[in-house]
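Here is how the chains run, residue by residue.
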Amino acid sequence: MSEAPKTSPEAIRPVPAVKPRHTVSAAGLLRRFGPLLGLLILCGALGAGSERFLTADNLLNVFRQSAVNAIVSLGQLVVIITAGIDLSVGSVLGLCCVVVALLMRAGVPPLVSVALALALGAALGAINGILLTKLHLPHPFIPTLGMMNVARGLALVISGGFPISELPSSFRFWGAGSIGWIPGPVVLVVVFCGVFHVFLSRTTVGRDIYAIGGNSQAARLSGVPVDARLILVYAISGFTAAAGAIVLAGRMNSGFPLAGVGGELDSIAAVVIGGASFLGGVGTVSGTLVGALIMGVLRNGLNLLNVSAAWQTVVIGIVIVAAVWVDIVRQHAAERVAVA
Amino acid sequence: MHYTLSLGSDEGRGLGIQAPAGGLPIRRSLTTCPAKSLGRPLFAIPWHGHTVEGTKELGRSNKWVNPDNHVDQFTPLLEVRDISKSFSGVSVLEAVTFDVRPGEVHALVGENGAGKSTLMNIVSGVIRQDAGEMYWQGRPVRLAGPRDARALGINVVHQELALVPHLSVAENIFLGRHPVARGIVQFREMRQRAAQALGELGGAIDVRRPVAELSLAERQLVEIARAVAFQGRLIIMDEPTAPLAGHEAEALFRSIRTLRARGVSVIYISHRLEEIFGIADRVTVLRDGRRVLSQPVAEVTQNQLVRAMIGEELKQRLEMHAPAAGGARTDEALRIQGVINLTVRSGEIVGLAGLAGAGRTELLEWLFGAGRSNTNQLFLGGRAVKLRTPKDAVRNGLALVPDDRKMKGLVLGASVLQNIALAGGRSLFFIRASQEQRSAEHWIGALRIKVAGLGQPAVYLSGGNQQKVVLAKWLFAGARVFLLDEPTRGIDVGAKAEIYDLIRALAGEGTAVIVASSEIEELLGLADRIVVMHRGRIAGELARAEATEEKIMHLATGGAL
């Protein structure tokens, strides 16, 4: 299909193609590595402020604490690339957290419980996608807002409002265990990032997802099955929320119904700090990972500096807005170069 | 040089000034003037190297010309001198001089990339020139932004209309300038004034209707009304007829004439040269950032304009009315049966004519699995198929080049490579990047698409190059039946010729092609057969040899052969 062209009509004689120049511009580099640069500067500043911040133990701790948000954000990223939004991830995480704990308490083997919880998350996400595409709800805000409430409510109903503690130790590996000195959740994040990066940048489905976000009508008229892709995208987001639930339940050694409250907003923040656009068509796995780490580093560092939780929230709010603003400024600069 | 004024001789309230042989025609609108000047020279002013002197003759009107005001009528409303502009070292405009007189319709033509948009962006204050001056009514002006231009009375009616769909017509006209009394919007007054502004332009639109319900032509009228409702002196129209059907364009021309008679000046940008002769007073041609021609329309021919725009060689290619290279073969590529009956053979180019709303786009989108299902049956290569989605269509080797390439054809923010690779290779799970790149480079070379690189976002390409990317997408995907909807809309002459060549070459290779177009000339030059649609049905079919513009229009308007 993408083989040597089948038709090469004479009148459109192939002339030597203008060799595309792969120029490396300052603006392009800044666009790619801007968030990373921000993260490094932030780490440097926090390291200067607290000698405990830049220790290996603490940095591993930061990774561990950021793992849940990083994994959930990857699903959110895929949704936001299609110009959508998933408000249900926090609640789906809470519900899956409770469900996996209840299943194991009922004697279901941990592996099966995990698989069922992941399937539940994907199914809830798929429902979001089906509501969006088949009921033609006007914006993903609506179905996912509905799901946010439904899932949280169900989590409270089936748990009776109480946490379910004392989970099997084999289950706790992904939340609290480690391979050598590397924490299990960190391994999981690396694997997820690798898979998502390949999925988004190297597969035809990944390209479809970017195309849908860029212009869904053009994508449809180029043969992209837009509805099917959107359902898949929301299912992925539900799946990563469930994966986040496994990690969180393992780390906390409990399935609690209020897990992941506000998680949707943290994941959205990580994605946009990482340079994705709400208008769709733009966003990278590396940026999102950096975004999640910036959030984690801020929380951790501010803790070490004895900043109160209330002020931490204020700082994070400002960082979100500032990061997106910097991104916009950068884009404008890039556009000025490209137009000329 | 002696000019004679004649009152009431021009359409509307205009005043004609008869030029002597070799003189430049001048138009102006009527102002009052004292009676004592009857029979005596009214004015004698130096103007563009001539001494212009005028008397007036008594016409039907009893109003007179004011000699004091009169000087103004010969001072251009807007004049730019030696304007230059370059972007990052690439010169886009080189010492362009250009002027618009009061009450003049001045056509500005040139290929895409010739500098028209840049010049208009400078005039409307969007960007600033590197060198050169701008004069408004003879006084030098500097525009710091679009706001300054609007304050002078310069308004732009954009190709992509800038209206708020959910607000009413009246609210759109008064957007940001609502008549207010003590903080309360005066809706009644607003509606009255909006209706009046539209009425003067010859439009009867209920000003309470939301803009979303209006046709494109009506929306355009609303934009024009907005431009002139507030002391608009100069309106820049960028390809206003591109989305319009013939009779709608006529209505637009009537509105433009009304404006002109009221003394409003219009800069009229269009790729359709025929209409320039009907509507414009003067025409200026830009090529590669330079002014190559600026003359009264009456003194140039269409051929001269085309030559000025593109040069000799390309023009000959445009006029080539040779039959399709390979000629139609006998095997059937596509057949529709039902309410619509149509067969297209391999290697055949079928033209689809009809007025706007005749159902051409609907037919093509239905063929492509993108429209509502209807009772027609579709056969591809003799085999009955049902295409439920565009995905099915692509899998069956169909290609659709939609009428609106920005909305439907391209992912504007994505790279050229991603756009070209969008439709093909979907059977694979992993992208074969190097193969894709090679193939995309091949088509970029073969179609002579001018890009800075495979990674350049499609949004930065010119219209012609964008359309070529859409075509490359389908060549890449290996499509065998091409459905082209207005393939050359809003594209400059040079790119048009190349797209015609490409369509002929495709047919020569045995590809079946359906071309829908509002430009009948285009169909006459391109198609082996022309099918005319009227109200969703096929009204008739004409072979290339027998097809004429009259016959096609006759069928398209519901007449029988």
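Here the residue numbers are simple positions, counted from 1 along each chain's written sequence. Written order determines the labels here, with chains lettered from A and ligands numbered from 1. With pLDDT at 70 or above as the cut-off, local features in this predicted model cover only qualifying residues; side-chain atom pairs require 80 or more to be listed or tallied, and sums for whole chains, interfaces and linings still use all residues.

What about the overall build of chain B?
Link 1 in the chain: Helix and strand definitions follow DSSP, with helices as H or I runs of at least four residues and strands as E runs of at least two, each counted in order from the N terminus. The secondary structure content of chain B amounts to 19 helices and 27 strands.
Link 2 in the chain: Buried positions account for 47% of the 561 residues belonging to chain B.
Link 3 in the chain: We call two residues in contact when their backbone-placed C-beta atoms lie within 7 Å. Taking contacts inside chain B between residues at least 6 apart in sequence as the whole, the part at least 24 apart equals 67%. Working definition of burial: number of other C-beta atoms within 10 Å of the residue's own, with buried at 20 or more, exposed at 12 or fewer, and partly exposed in between, all C-beta atoms being placed from the backbone.

Considerations on the domain arrangement of chain B
Residue and element names in this part refer to chain B.
Link 1 in the chain: With domains assigned, chain B is organised as domain 1 (2–74), domain 2 (78–318), domain 3 (326–397 + 480–561) and domain 4 (406–478).
Link 2 in the chain: By convention here, the domain bounds are inherited from an automatic or database domain assignment. A straight line from the C-alpha centre of domain 3 to that of domain 4 covers 24 Å.
Link 3 in the chain: Counting residues at the interface gives 10 residues for domain 3, matched by nine residues for domain 4.
Link 4 in the chain: The dominant element in the side of domain 3 that touches domain 4, judged by the number of residues it contributes, is helix 17 (residues 493–508), at four residues.
Link 5 in the chain: For the side of domain 3 that touches domain 4, the residue count by class is seven nonpolar, one polar and two charged. Note on residue categories: nonpolar means Ala, Val, Leu, Ile, Met, Phe, Trp, Tyr, Cys or Pro, charged means Asp, Glu, Lys or Arg, and polar means any other residue, Gly included.

Looking at the nonpolar core
Link 1 in the chain: Grouped together as the largest cluster of nonpolar side chains are 251 residues, with contacts concentrated most on Cys96(A), Val100(A), Ala242(A) and Ala245(A).
Link 2 in the chain: Here this core takes 16 residues from helix 10 (residues 226–252) of chain A, the largest share from any one element. In plain words, the nonpolar core is the set of buried Ala, Val, Leu, Ile, Met, Phe, Trp, Tyr and Cys residues that C-beta atoms within 7 Å link up.

Quick notes on the packing of helix 6 (residues 216–229) of chain B against helix 7 (residues 246–261) of chain B
Residue and element names in this part refer to chain B.
Link 1 in the chain: The contact between helix 6 and helix 7 brings their axes to 10 Å, and the two run at 10°. Classified by the angle between their axes, helix 6 and helix 7 sit roughly parallel to one another. Together, Ala217, Gln220, Leu221, Ile224 and Val228 of helix 6 and Glu248, Ala251, Leu252, Ser255 and Leu259 of helix 7 make up the contact between the two elements. Orientation is described by axes fitted as lines to C-alpha atoms, over the contacting stretch for helices, and by angles from 0 to 180 degrees between their N-to-C directions. The cut-offs work like this: below 35 degrees is roughly parallel, past 145 is roughly antiparallel, 65 to 115 is roughly perpendicular, and the gaps in between are oblique.

Points about the environment of Val339(B)
Residue and element names in this part refer to chain B.
Link 1 in the chain: Tracing the chain through its elements places Val339 in the loop between strand 18 (332–337) and strand 19 (342–345).
Link 2 in the chain: Along the chain, Val339 and Ile538 lie 199 residues apart, while their C-alpha atoms are 8.6 Å from each other.
Link 3 in the chain: Residue contacts for Val339: discarding those within four places in its chain leaves Thr375, Asn376 and Arg537.

Overview of the confidence of the model for chain A
Link 1 in the chain: Averaged over every residue, the pLDDT of chain A is 87; residues scoring 70 or more account for 89%.
Link 2 in the chain: Per-residue pLDDT stays below 50 along residues 1–22 of chain A; that stretch engages in 53 contacts with residues further than four places along the chain or on separate chains. Confidence of the prediction at every residue is given by pLDDT, a number between 0 and 100.

Considering unusual backbone geometry
All names here are of chain B.
Link 1 in the chain: In this structure, Asp82 is a non-glycine residue whose phi angle is positive, near 50°.
Link 2 in the chain: Residue Asp82 is classed as partly exposed on the basis of its C-beta count, with 13 C-beta atoms lying within 10 Å.
Link 3 in the chain: Positive phi is not limited to glycine here, since Glu486 has a value of about 50°.

Re the sheet that holds strand 11 (residues 154–157) of chain B
All names here are of chain B.
Link 1 in the chain: One requirement defines pairing of two strands: DSSP has to find at least two bridges between them. Sheet architecture is open: six strands sit in the order 11-14-15-8-16-17, paired in mixed fashion. The sheet terminates laterally at strand 11 and strand 17 (290–296), the two strands that pair on one side only. Between one strand axis and the next, the sheet turns by 20° as a mean value, whatever way the strands run.
Link 2 in the chain: When strand 16 (residues 282–287) meets strand 17, the two strands line up antiparallel, connected through six bridges. From the neighbouring strand, Leu286 faces strand 17, where its bridge partner is Arg291.
Link 3 in the chain: Lying on the sheet, helix 2 (residues 116–123) is in contact with strand 8 (105–109), strand 11, strand 14 (234–238), strand 15 (265–269) and strand 16; it crosses strand 14 at an angle near 150°.
Link 4 in the chain: Together, strand 11 and strand 14 form the strand contacts of helix 6, whose direction differs from that of strand 11 by roughly 175°.

Concerning the packing of helix 2 (residues 56–81) of chain A against helix 7 (residues 184–202) of chain A
Residues and elements named next belong to chain A.
Link 1 in the chain: Across the interface, helix 2 lies against helix 7 with an axial gap of 9 Å and an inter-helix angle of 25°. Considering their axes alone, helix 2 and helix 7 lie roughly parallel with respect to each other. The interaxial crossing formed by helix 2 with helix 7 has left-handed handedness. Between helix 2, through Phe63, Arg64, Ala67, Ala70, Ile71 and Leu74, and helix 7, the contact on the second element is made entirely by Pro185, Val186, Leu188, Val189, Phe192, Cys193 and Phe196.
Link 2 in the chain: Partitioned by chemical class, the residues of the contact of helix 2 with helix 7 number 12 nonpolar, no polar and one charged. Each crossing gets its hand from how the near helix is turned against the far one by less than a right angle, where anticlockwise is left-handed and clockwise is right-handed.

Some remarks on helix 8 (residues 204–214) of chain A
Link 1 in the chain: The element helix 8 of chain A is extensively covered by neighbouring structure, given that nine of its 11 residues are classed as buried.
Link 2 in the chain: Of all the positions in helix 8 of chain A, only Gly206(A), Arg207(A), Asp208(A), Ile209(A), Tyr210(A), Ala211(A), Ile212(A), Gly213(A) and Gly214(A) are classed as buried.

So, helix 2 of chain B
Link 1 in the chain: Those residues of helix 2 of chain B that fall on the buried side of the exposure criterion are Lys116(B), Thr118(B), Leu119(B), Ile122(B) and Val123(B).
Link 2 in the chain: Backbone geometry just downstream of helix 2 of chain B places Gly125(B) in the positive-phi region, at approximately 80°.

Looking at the confidence of the model for chain B
Link 1 in the chain: Scored by pLDDT, chain B comes out at a mean of 79, with 81% of its residues at no less than 70.
Link 2 in the chain: Every residue in residues 1–72 of chain B is under pLDDT 50, and counting partners more than four places away or in other chains gives 125 contacts.

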